[in-house]
Amino acid sequence: MKFVRSLAAGILFSATLAVAQPPVAEHGRLSVQGAHIVDSTGTPYQMRGMSLFWSNFVSKYWNANAVKWLVDDWKISLIRAAVGVEGTGAWIRDTAKNNARLDAVVQAAIDNGIYVLIDWHDHNASNHPDSAIAFFERAARLYGEHPNVIYEIWNEPLKVSWGNVVKPYAEQVVSAIRAIDPDNLIIVGTPSWSQNVDSAAANPLEATNVAYSLHFYSATHRAWLRDRVRVAVDSGLPIMVTEWGTSKSSGNDTIDLGESTKWLDYLDSNSISWANWSVVDKEETSAALQPNANRNGGWTEEDLTPSGGWVRARLRTQAGFPTDPPRLEPLVDTFAVPGRIDASKLLAMSGIITGPTLDSADELGIGSIDSADWSEWQLDVEKAGTYHLLARVASNSPSGARIVIRSGNEVVGGLAVPFTGGWETWTTIDTTVELPAGLQVLRFSYEGTNFDGLLSLNWIDLVVPGTSVGPRSASPSFDAVRKEFSSSTGSWELSVHTPVGAMIRSSRGTGPRASLDVSGLPHGLVVVRFRDGSQVSTRRILVP
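The rules behind each value
- Residues numbered from 1 in each chain as written.
- Predicted model: local features only at pLDDT ≥ 70, side-chain atom pairs only at ≥ 80, totals over all residues.
- Heavy atoms only, no water.
- Helix = DSSP H or I, 4+ residues; strand = E, 2+ residues; numbered from the N terminus.
- Buried < 20%, exposed > 50% of the residue type's maximum accessible area, 1.4 Å probe, protein only.
- Contact = heavy atoms within 4.5 Å.
- Areas by Shrake-Rupley, 256 points an atom, 1.4 Å probe, with all protein chains shown as cover.
- Salt bridge = Lys/Arg side-chain N within 4 Å of Asp/Glu carboxyl O.
- Pairing = 2+ DSSP bridges.
- Right-handed = clockwise from strand over helix to strand, strands pointing away.
- Axes fitted to C-alpha atoms, helices over the stretch in contact; angles between N-to-C directions.
- Expected span 1.5 Å × (residues − 1).
- Phe/Tyr/Trp six-rings, centres within 6.5 Å; stacked < 30°, edge-to-face > 60°.
- Lys NZ or Arg CZ within 6 Å of the ring centre and 35° of its normal.
- Polar contact = N/O pair within 3.5 Å; in protein donor to acceptor, adjacent residues only side chain to side chain.
- Left-handed = near helix turned anticlockwise from the far one by under 90°.
- pLDDT = per-residue confidence, 0-100.

If you tally the helices and strands in the protein chain, you get 10 helices and 29 strands. Looking at the protein chain residue by residue over its 544 residues, the buried ones come to 55%. Within the protein chain, counting contacts between residues at least 6 apart in sequence, those at least 24 apart form 74% of the total. Here the protein chain displays about 21,900 Å² of accessible surface, and carbon together with sulfur accounts for 50% of that area.

Spelled out as structure tokens, the structure:
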């Protein structure tokens, strides 16, 4: 199938020229006016940047060279120094080393003319306020005269009371900082991992130049949290997003670039500053760097994770430095129409998983689709007009389902999905749709009464009426029950999945052979993925 590659939808390229002056030289000391953080001229100002990982867990990027690379190449105006407070090697247990790491980053920010967020990266700050006060008094004495410095006094309070726990703690620490530094901006965390900004809006601190932190992870925190933020901002609460990720709140699992774009567009429209989590080469979805990326910067596209590549592109574009699209994900497949859409190559989705099917040998499908879920694909339509839309579906829901089809925000058609008799019993349904020419987002919204899900979807054809996209791949072969797998490296991982990708069981081990115990597995088709060192093979197995 013909397809081209393009950046995820929602990034707008700017024609603005690069600003000659560093951010701090141009904007000066920041302060709060109403619901906005403003620069020295009183103009709302939005910082955009990156957060370093916990200082006590991965500190290799806490150095001047890495910060300078982020300034020069990523075009950040803000670096967040997340000083770990509790746990192995953290500030309370090893104060000197963590202070030294912080000093290196703060000095690098000053030298490069960007803002630096000094973050007390703690979940239980109210349990040791004296430590926090000592930490921020030192920072204020050393750096309070510099307009670069911002203090974040409690990273993420847990599910504790704003009025009885967070606010009294904040009043103590703010008072201690103000006794030394009367001017620089202070950011106060909010309950429930810095999401309950509404609590702060109802009962804010009586202090100057104080704003409140919001944290979100795009694959977990969606429109419901943006609605909460809108209410707080409309009430006059100044907010700064001191941490956000493209992944789920665990830092792992799915990347949701559709929601990430919605979030950043909202923050841009309200001049709300942000720092992305995080500059680290840890093997997790939210990490910006691939394992073993150079500690001093100089990263190529191959050194960036899908999250890091996308965030870097966004930072550069918004700073007026459009860049060639990175070769790595999260470039999304943009499907040429007329042509075929591989359902698994999603632009964005909600509540859906991908995985192999019995319907075709070389394509993945999407499944676990429930009522109110949706999926999106990016299209490049050659000519405006009427297209024949065919969708390959399977449904085990007795009442079937309905798909509402949109191009952008416009409803262009619908499909009634019948009960096909099982999740691997496939049929093709069709309709006609009117599509405009050019780049656009095709959205399927799913409706119906759930019966352990509504349907699975393998592919979509969009063709000129009376034509087709040619023959499809043959159905795959499958094995009878096989229990033994050979390992050439002596280190293996084995996982069992449903046909649409949901994991049933997994195990790891060492040795020349791995055994699959089929007892307790569901009857019918399962998909076994076997990792032998760096090699991965997939086998379809029928369980009696």
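Having seen it, we continue.
Under the defined criterion, the tally for this structure stands at 21 salt bridges. Linking E259 and R222 is a salt bridge whose minimum nitrogen-to-oxygen distance equals 4.0 Å. With E259 in helix 9 (residues 257–269) and R222 in the loop between strand 9 (210–217) and helix 8 (223–234), this residue pair connects regions lying 37 residues apart in the sequence. The residues E259 and R222 share a single accessibility class, namely buried. One continuous salt-bridge network, built from bridges that share partners, spans R222, R226, D256, E259 and K262.

Taking burial as the measure, the five residues of strand 4 (residues 48–52) include five buried ones, the bulk of the element. For strand 4 and strand 11 (residues 274–279), the ladder comprises five bridges, and the chain directions are parallel. Looking across to strand 11, one finds that R48 is bridged to W274. With three bridges connecting them, strand 4 and strand 5 (residues 78–84) associate as parallel partners. Residue pairing for strand 5: G49 is matched across the bridge by L78. On the question of chirality, the crossover connecting strand 4 to the parallel strand 5 by way of helix 2 (residues 64–74) is right-handed.

On to unusual backbone geometry, then. Each neighbour pair has its own omega, and for W277 with S278 the value is 0°, a cis peptide bond. With respect to the secondary-structure elements, S278 resides in strand 11. Backbone torsion omega between V337 and P338 reads 15°, so that peptide bond is classified as cis. Non-glycine residue N209 carries a positive phi angle of around 55°. Here N209 is to be found in the loop between helix 7 (197–202) and strand 9.

Below, the discussion takes up the environment of A288. In this structure, A288 sits in the loop between strand 11 and helix 10 (306–318). A residue is classified by how much of its surface remains accessible, and A288, at 2% relative accessible area, is buried. Expressed as a C-alpha distance, the spacing of A288 and T305, which sit 17 residues apart in the sequence, is 5.4 Å. Residues within four places of A288 in sequence aside, it is in contact with M50, W74, S278, V279, V280, D303, L304, T305 and G308.

In space, the eight strands of this closed barrel follow the order 4-5-6-7-8-9-10-11, with parallel pairing throughout. Neighbour to neighbour, the strand axes of the sheet diverge by 30° on average, direction disregarded. Pairing analysis gives five bridges linking strand 9 to strand 10 (residues 239–245), with the strands arranged parallel. Within strand 10, the position partnered with S213 by the bridge is M240. In the packing of helix 5 (residues 162–178) onto the sheet, the strands contacted are strand 6 (115–121), strand 7 (149–152), strand 8 (186–188) and strand 9, and the crossing angle to strand 8 comes to about 165°.

This paragraph deals with helix 10. For helix 10, built from 13 residues, the straight-helix expectation of 18 Å at 1.5 Å per residue is met to within 8% by its first-to-last C-alpha distance of 19 Å. Taken across its 13 residues, helix 10 has 12 buried, putting it largely inside the fold. Listed in full, the buried residues belonging to helix 10 are S307, G308, G309, W310, V311, R312, A313, R314, L315, R316, T317 and Q318. At its buried positions, helix 10 is contacted by strand 4, helix 2, strand 10, helix 9 and strand 11. Just beyond helix 10, the residue with positive phi is G320, at close to 90°.

It is worth spelling out the packing of aromatic side chains at this point. The final tally for this structure, using the stated rule, is 18 aromatic pairs. Linked through ring pairs, W91, W120, F135, F136 and Y151 together constitute an aromatic cluster. For the cation-ring pair, K75 lies above F321, with the distance from its terminal atom to the ring centre recorded as 4.1 Å.

A few words on helix 2. What sets the pattern is the α-helix's 3.6 residues per turn: residues three or four places apart point alike. For helix 2, the full list of buried residues reads A66, V67, L70, V71, D73 and W74. Contact partners of the buried residues in helix 2: strand 4, strand 5, helix 3 (95–112), strand 11 and helix 10. One side-chain oxygen of the residue at the start of helix 2 lies 3.0 Å from the amide nitrogen of N65, identifying that residue as N63. Backbone geometry just downstream of helix 2 places K75 in the positive-phi region, at approximately 65°.

This part covers the packing of helix 3 against helix 4 (residues 129–143). One can describe the packing of helix 3 onto helix 4 by two numbers: an axis separation of 12 Å at closest approach and a directional angle of 35°. Once helix 3 is placed against helix 4, the crossing between them reads as right-handed. Within the contact between the two elements, helix 3 uses N99, L102, D103, V106 and I110 and helix 4 uses F135, R138, L142 and Y143.

The next subject is the confidence of the model for the protein chain. Averaged over every residue, the pLDDT of the protein chain is 87; the share at 70 or more is 87%. For residues 1–19, every residue scores under 50 in pLDDT, and the model assigns this stretch 51 contacts once sequence neighbours within four places are set aside. Within the model, pLDDT remains below 50 along residues 325–331, and this stretch shows 23 contacts once partners closer than five positions in the same chain are excluded.

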